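A closer look at the structure
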Amino acid sequence: GQCVMVCPTGALAERDDTDRVIDHLYDPDIVTVFQFAPAVRVGFADSLGIDNAEGQIITALRKMGADIVIDTNFAADLVIMEEGTEVVRHIRQGKRPTFTSCCPGWVNFVEKNYPDILPHLSSARSPQQCLGSLAKTYLAEKMEIDPARMRVISIMPCTAKKDEMNRPQLAKNGVPDVDVVLTIREFARLLRREGIDLAALEPGTFDNPHLGGYSGAGAIFGTTGGVMEAAVRSAYFLINGKELPNAEVTALRSFENIRTATVAVGGGLPDVNLAICHGLKAARDVVEGVLSGKYDFDFIEVMACPGGCVTGGGHLRHKKAYQAGAPKKRVTLFDIDAQRVIRQSHNNPQIQHLYSDYLGEPMSERAHHLLHTWYTDRKKEADVAVKEIRREIRLAL
Ligand code: SF4
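Read on for a plain summary of the structure. The structure displayed is predicted, hence computed values, not measured ones. Numbering of residues starts from 1 in each chain and follows the order in which that chain's sequence is written. It should be noted that, the model being predicted, local features are given only for residues of pLDDT at least 70 and side-chain atom pairs only at 80 or more, the latter also being counted only at that level, while totals for whole chains, interfaces and linings use all residues. The side-chain values count all of the structure's non-hydrogen atoms but skip hydrogen atoms and water molecules.

Along the backbone of the chain there are 16 helices and 10 strands. Burial analysis of the chain (397 residues in total) assigns 58% to the buried set. Sequence-distant contacts in the chain: of pairs separated by 6 or more residues, those separated by 24 or more amount to 78%. Numbering of helices and strands starts at the N terminus; helices are DSSP runs of H or I of at least 4 residues and strands are runs of E of at least 2. Three labels apply to residues, based on accessible area from a 1.4 Å probe with only protein chains included: buried if under 20% of the type maximum, exposed if over 50%, partly exposed otherwise in between. Throughout, a contact is declared for two residues whenever any of their heavy atoms are within 4.5 Å.

With that settled, consider the site of the ligand. Around the ligand, the surrounding shell consists of Cys 103, Pro 104, Cys 158, Met 303, Ala 304, Cys 305, Gly 308, Cys 309 and Gly 312. Each residue is assigned to one class: nonpolar for Ala, Val, Leu, Ile, Met, Phe, Trp, Tyr, Cys and Pro, charged for Asp, Glu, Lys and Arg, and polar for all the others, Gly among them. Each residue belonging to the shell around the ligand can be placed in one class, and the counts come to seven nonpolar, two polar and no charged. If even one non-hydrogen atom of a residue comes within 4 Å of a molecule or strand, that residue is called near it.

Moving on, we get to the sheet that holds strand E7 (residues 180-183). Pairing within the open sheet is parallel, and its four strands lie in the order E2-E1-E4-E7. The open sheet terminates on both sides in strands that have one partner only, identified here as strand E2 (68-71) and E7. Geometrically, the sheet is characterised by an average inter-axis angle of 25° between neighbouring strands, direction not taken into account. By this definition, two strands are paired if DSSP reports at least two bridges between them. Here strand E4 (residues 150-156) runs beside E7; their pairing, made up of four bridges, is parallel. By the bridge assignment for E7, Ser 154 is matched with Val 181. Axis definition: a line fit to C-alpha positions, over the contact stretch in the case of helices; interaxial angles, taken between N-to-C directions, run 0 to 180 degrees. Against the sheet, helix H1 (residues 18-26) contacts strand E1 (31-36), E4 and E7, and its axis sits at roughly 125° relative to E7. Sitting on the sheet, helix H7 (residues 127-142) is in contact with E1, E2, E4 and E7, with an inclination near 155° to E4.

A few words now on the packing of aromatic side chains. The geometry of two aromatic rings is summed up by the distance between their centres and the angle between their planes. Centres within 6.5 Å are what make two rings of Phe, Tyr or Trp a pair, Trp counting through its six-membered ring; a difference in plane orientation under 30 degrees is then read as stacked, over 60 as edge-to-face, and the rest as tilted. Under the definition given, this model contains seven aromatic pairs. On the numbers, 6.4 Å between centres and 75° between planes, the contact of Phe 44 with Phe 187 is edge-to-face. Of this pair, Phe 44 sits in the loop between helix H2 (38-41) and helix H3 (45-48) while Phe 187 sits in helix H9 (residues 184-193), and the two are 143 residues apart along the sequence. When its relative accessible area of 3% is taken as the criterion, Phe 44 is described as buried. When its relative accessible area of 1% is taken as the criterion, Phe 187 is described as buried. The criterion for a charge sitting over a ring is simple: Lys NZ or Arg CZ within 6 Å of the ring centre, and within 35 degrees of the ring normal. Above the face of the Tyr 358 ring, Arg 366 is positioned so that its terminal group lies 4.0 Å from the ring centre.

If you walk across this open sheet you meet the four strands as E3-E10-E9-E8, and the pairing is mixed. Edge positions in the sheet fall to strand E3 (98-99) and strand E8 (258-263), since each has one partner strand and no second. Two elements, E8 and strand E9 (residues 272-278), share six bridges in a ladder whose sense is antiparallel. Directly across from Ala 261, in E9, lies its bridge partner Leu 274.

The following block contains the structure:
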């Protein structure tokens, strides 16, 4: 029989989307909106020796004819506002725990293996999807562009993002919010095809048209523990109306597969128990521990890749090589954070403006419609796929 292979992260099913991007770039009727994730800008450190290639990537995209280049980090700040508000609400309601939902590798894993905990996944969409959603609504409106002519193209360190963009709940009238996802590998291929040498370029800056700028909190989204640290900064502010005295929650910055911390959040609320895990084995241990009652956490950050997106399946090079470089990339993201004047998502002026101009409050009806999602129980589908693979293997033997 025909061999069917199913890879949980989508890595084996990777297809090359560079042709589609070239078609969009050369089509005069299409407005291309590019975004790239925090871990992409540190993804060229091993091969080109550029620790943070943010500026070179922007220049390269412009040279290729990109119409608008915006930063996924901006949307990371937005996700923190939404997710932070949701977590505080859950803590006040006594609903525990809340799991992060920005990693599609993890979301797929829950839908297929532990559908019972789906109600505990934050409903906030991932940064790439929030940005796609806002590009085709708010940005299109502001710039007077027909959203039907827009194509949102993401560059991601992640293969699972390719199937995330195809989720039917992340589309408007059947049109996906994100049109193409390129991995870093595909982006490198695109650069070669267009004859662009990233290392030779002068760094450029983002367009930041209405959606732009990012805080240090947005930058650390790409590494394990970053989402949690960013959320703690904003949750503290949401509860107390003043800043967390020390912006760096260093208790969460070690590299163990599962890390925990207890943080006093004030506002008359009990101390909250936080956990961070990365890699699906650690995720399984945490979920099993929560289900058995062994663990008692309020907020749990999960990333499917060991180390977070800095070791995602879409990076350049052989897995071992980039995993060896992961700690350094992680340090670079924390350095970017430390150098930002604004360290908290809620203090990003363009985030504040987006709320006052368009969204209203975090978790408002409009925010709910554009920036939140739902999940489906896919355990049966996964079980059937596993059975099918077993059957194929039996037939092949
Ligand atoms: Fe993708 Fe891995 Fe990052 Fe999850 S941790 S979003 S699977 S790169």
